[in-house]
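# Breakdown of the fold
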Amino acid sequence: MNILFFYLPAIAPERGGIERVTAVLADEFERLGHRCFYLASLDENGDVHNTNRQFYLPNLSQTDAPENLIFYKKLLSEKTIDIVIFQAAHKKFPWAKFPGHPLLVCALHLDPCAYETIVRDKAEFKLRKYTGLKKQLLSAIWKTLVVPAKIGLRRLKKNAVYRWNYHQCDAYVVLSAAYCKSLARHLKDGDEDAKISFIPNPCSYPPQEETFRKEKILLYVGRLCMNQKRPDLMLDIWEGLEKDFPDWSLEILGDGDDADEVKALAKEKKLPRVHFRGFVPPEPFFRRAPFLCMTSSNEGFGMVLLEASAFGCVPVAFDAFPTAQDIITNGKNGILVPPLDTAAYAQKLRSLMIGETAIDPADCKENARRYTIESISEKWIGLFKNLASKNQQANLF
């Protein structure tokens, strides 16, 4: 079976979670005897996972350009593609499915309602520059009028995207059972459950057998994006801890559109021992850090929680998205904090750092074992077999 992963950026695993998931799945499918290829409409800087697999649309500025469709059809034919996995199903699949098109799976790596959190986060940032009575008045107007209106408009746009993809694809895959219901609410087609299924992401790393010597490090891994990832909240939390823990440091791995703003905020707060590392392999830091801090207001899955767990690095996150509870059993294999409550987050970390609260790293590793690539790839192969059977293509297997 030949599989084409279609994602907007090239597959450079250090750049983000979807890229890492794609690379891990492709490697496993090839181990199982299938052939995999990547197609991108953006040529971002970064170390491409496998240049032999990676192809680019000729017109990188307009994905649905006619010359891109010609190239796409040619690639499908030359590589005898059996299944296309569209890894950017929060956006519109660029072409109507034409006769002879392979099986198409739309994979949604976000919470279908993530736009609601994004609108609220943007409103919060806009209001930050105001103070006093003016801020109170503007806040009331934004919360009662502007934010609901913007969410309503975003919902209409997402309805159109999700419905288009649903009608083009053979299966729509989300990351949690909770997301099946929220995606279905956007569709409202009567048979909206027929194509929707959920498959969680695999952990990029197998649970490590080795016991690592942990250092006094708090670790943040993620894009430096004020919307969704909220690294500003991590700095707020560290600000409340650093004076009491002078021998601890905060390591921030990642980059992004708001990197300069985040660094400026750390400088403005005069925070010591904050180290910005950029895009670097996280494994050495997972080995050294006892705690992984996620401060996202929304995540599709939060794969870094599992990646850290595989190394016995205890994950701490806001209980702000459905998959947080899918991944973490609070107090057993990680810590969940009420959404965006930075004071509570700092207190939970303090308790961990002084040893008042203890999470066994072995329990974290065992939790990561639920998401091994072998178990997750089984779910994908099961989906492929089901689709092939429905479409009278059982010969694929």
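Overview of the structure. Just so you know, these numbers come straight off a predicted model, no measurement behind them.

## Things to note about the overall build of the chain
Looking only at helices and strands, the chain features 13 helices and 13 strands. Radius of gyration (C-alpha) of the chain: 22 Å, near the 21 Å computed for a compact globule of 397 residues. Along the three orthogonal principal directions, the C-alpha set of the chain runs to about 65 × 55 × 40 Å. For the chain, buried positions account for 54% of its 397 residues. Accessible surface, the chain as shown: approximately 17900 Å² in total, 51% of it carbon and sulfur. Computed over 53 positive and 49 negative side-chain charges, the inter-centroid distance for the chain is 4 Å.

## Details of unusual backbone geometry
A positive phi angle, near 75 degrees, is found at Q228, a position not held by glycine. As for its position among the elements, Q228 is in the loop between β8 (217-221) and α6 (231-239). A positive phi angle, close to 55 degrees, is found at K270, a residue other than glycine. Assignment of secondary structure puts K270 in the loop between α7 (259-268) and β10 (274-278).

## Details of the sheet that holds strand β13 (residues 335-337)
Ordered by their spatial adjacency, six strands build an open sheet running β10-β9-β8-β11-β12-β13, and the pairing between neighbours is parallel. What marks the edges here is a single partner per strand, and that holds for β10 and β13. Taking the axes of each pair of neighbouring strands and ignoring which way they run, one obtains an average angle of 20 degrees across the sheet. Where strand β12 (residues 314-318) lies against β13, three bridges are found, and the strand directions are parallel.

## Quick word on the nonpolar core
With 90 residues, the main nonpolar core has Y172 and W380 as its most contacted residues. Not counting residues within four places of it along the chain, the set of residues in contact with Y172 comprises A89, C106, L108, Y162, N165, Y166, L183, K195, I196 and S197. One finds L271, V274, V314 and M353 within the second-largest nonpolar core, a separate group that totals 35 residues.

## Some words on the packing of aromatic side chains
By the definition in use, this model includes 22 aromatic pairs. Ring centres 6.3 Å apart and planes at 35 degrees place the aromatic pair F6 and Y72 in the tilted group. Placement of the pair is F6 in strand β1 (residues 2-6) and Y72 in helix α2 (residues 66-78), with a sequence separation of 66 residues. The exposure classification of F6 matches that of Y72, with both residues buried. Taking the centre distance of 6.1 Å and the plane angle of 10 degrees together, the rings of W248 and F291 count as stacked. Within this pair, whereas W248 is found in the loop between α6 and β9 (249-253), its partner F291 is found in strand β11 (residues 291-294), the two being separated by 43 residues in sequence. By relative accessible area, which is 8% here, F291 ends up buried. Three or more aromatic residues joined by ring pairs make a cluster, and in this case those are F6, Y72, F86, F93, W95 and F98. Geometry around F98 places K73 over its ring, the cationic atom sitting 4.7 Å from the centre. One cation-aromatic arrangement involves K92 over W164; the distance from NZ or CZ to the ring centre is 4.5 Å.

## Quick word on the environment of A171
By the secondary structure assignment, A171 is in strand β6 (residues 171-174). Each C-alpha atom, one on A171 and one on I252, is 37 Å from the other, the two residues being 81 residues apart in sequence. Residues within four places of A171 in sequence aside, it is in contact with L104, V105, C106, K195, L383 and L387.

## Comments concerning the packing of helix α4 (residues 132-168) against helix α5 (residues 177-187)
Two elements in contact, α4 and α5, have axes separated by 8 Å at closest approach and are oriented at 95 degrees. Looking at the two axes, α4 sits roughly perpendicular to α5. Note on element contacts: α5 touches α4 through L183, H186 and L187, opposite R155, K158, N159, Y162, R163 and Y166. The residue inventory of the contact of α4 with α5, partitioned by class, reads four nonpolar, two polar and three charged.

## Regarding the pairing of β9
Most of β9 is tucked away, with five of its five residues classed as buried. Of the two faces of β9, both are covered, the one formed by S249, E251 and L253 as well as the one formed by L250 and I252. Inspection of the sheet shows β8 paired to β9 by five bridges, in the parallel sense. Looking at the pairing, L219 lines up with E251 of β9. Where the polypeptide runs from β8 across α6 and back to β9, its parallel neighbour, the crossover connection is right-handed. With four bridges connecting them, β9 and β10 associate as parallel partners. Residue pairing for β10: I252 is matched across the bridge by F276.

## Side note on the sheet that holds strand β7 (residues 196-198)
Pairing between the strands of a sheet comes from backbone hydrogen bonds, and it takes one of two forms, parallel or antiparallel. One open sheet accounts for seven strands, arranged β3-β2-β1-β4-β5-β6-β7; its pairing is parallel. With one partner strand each, in any of the chains shown, β3 (54-56) and β7 form the two edges of the open sheet. Each neighbouring strand pair of the sheet contributes to a mean axis angle of 25 degrees, computed without reference to strand direction. The pairing of strand β5 (residues 103-107) with β6 spans three bridges and is parallel. Paired with V105 across the two strands is A171, which belongs to β6. Sitting on the sheet, α4 is in contact with β4 (83-86), β5, β6 and β7, with an inclination near 130 degrees to β6. Those strands touched by α5 are β6 and β7, and its axis lies near 160 degrees from that of β7.

Basis of the calculations
Residues numbered from 1 in each chain as written. Predicted model: local features only at pLDDT ≥ 70, side-chain atom pairs only at ≥ 80, totals over all residues. Heavy atoms only, no water. Helix = DSSP H or I, 4+ residues; strand = E, 2+ residues; numbered from the N terminus. Rg over C-alpha atoms; globule rule 2.2 N^0.38 Å. Buried < 20%, exposed > 50% of the residue type's maximum accessible area, 1.4 Å probe, protein only. Areas by Shrake-Rupley, 256 points an atom, 1.4 Å probe, with all protein chains shown as cover. Lys, Arg positive; Asp, Glu negative; His and termini not counted. Charge placed at Lys NZ, Arg CZ, Asp CG, Glu CD. Pairing = 2+ DSSP bridges. Axes fitted to C-alpha atoms, helices over the stretch in contact; angles between N-to-C directions. Core = buried A, V, L, I, M, F, W, Y, C linked by side-chain atoms within 4.5 Å. Contact = heavy atoms within 4.5 Å. Phe/Tyr/Trp six-rings, centres within 6.5 Å; stacked < 30°, edge-to-face > 60°. Lys NZ or Arg CZ within 6 Å of the ring centre and 35° of its normal. Parallel < 35°, antiparallel > 145°, perpendicular 65-115°, else oblique. Nonpolar A, V, L, I, M, F, W, Y, C, P; charged D, E, K, R; others polar. Right-handed = clockwise from strand over helix to strand, strands pointing away.

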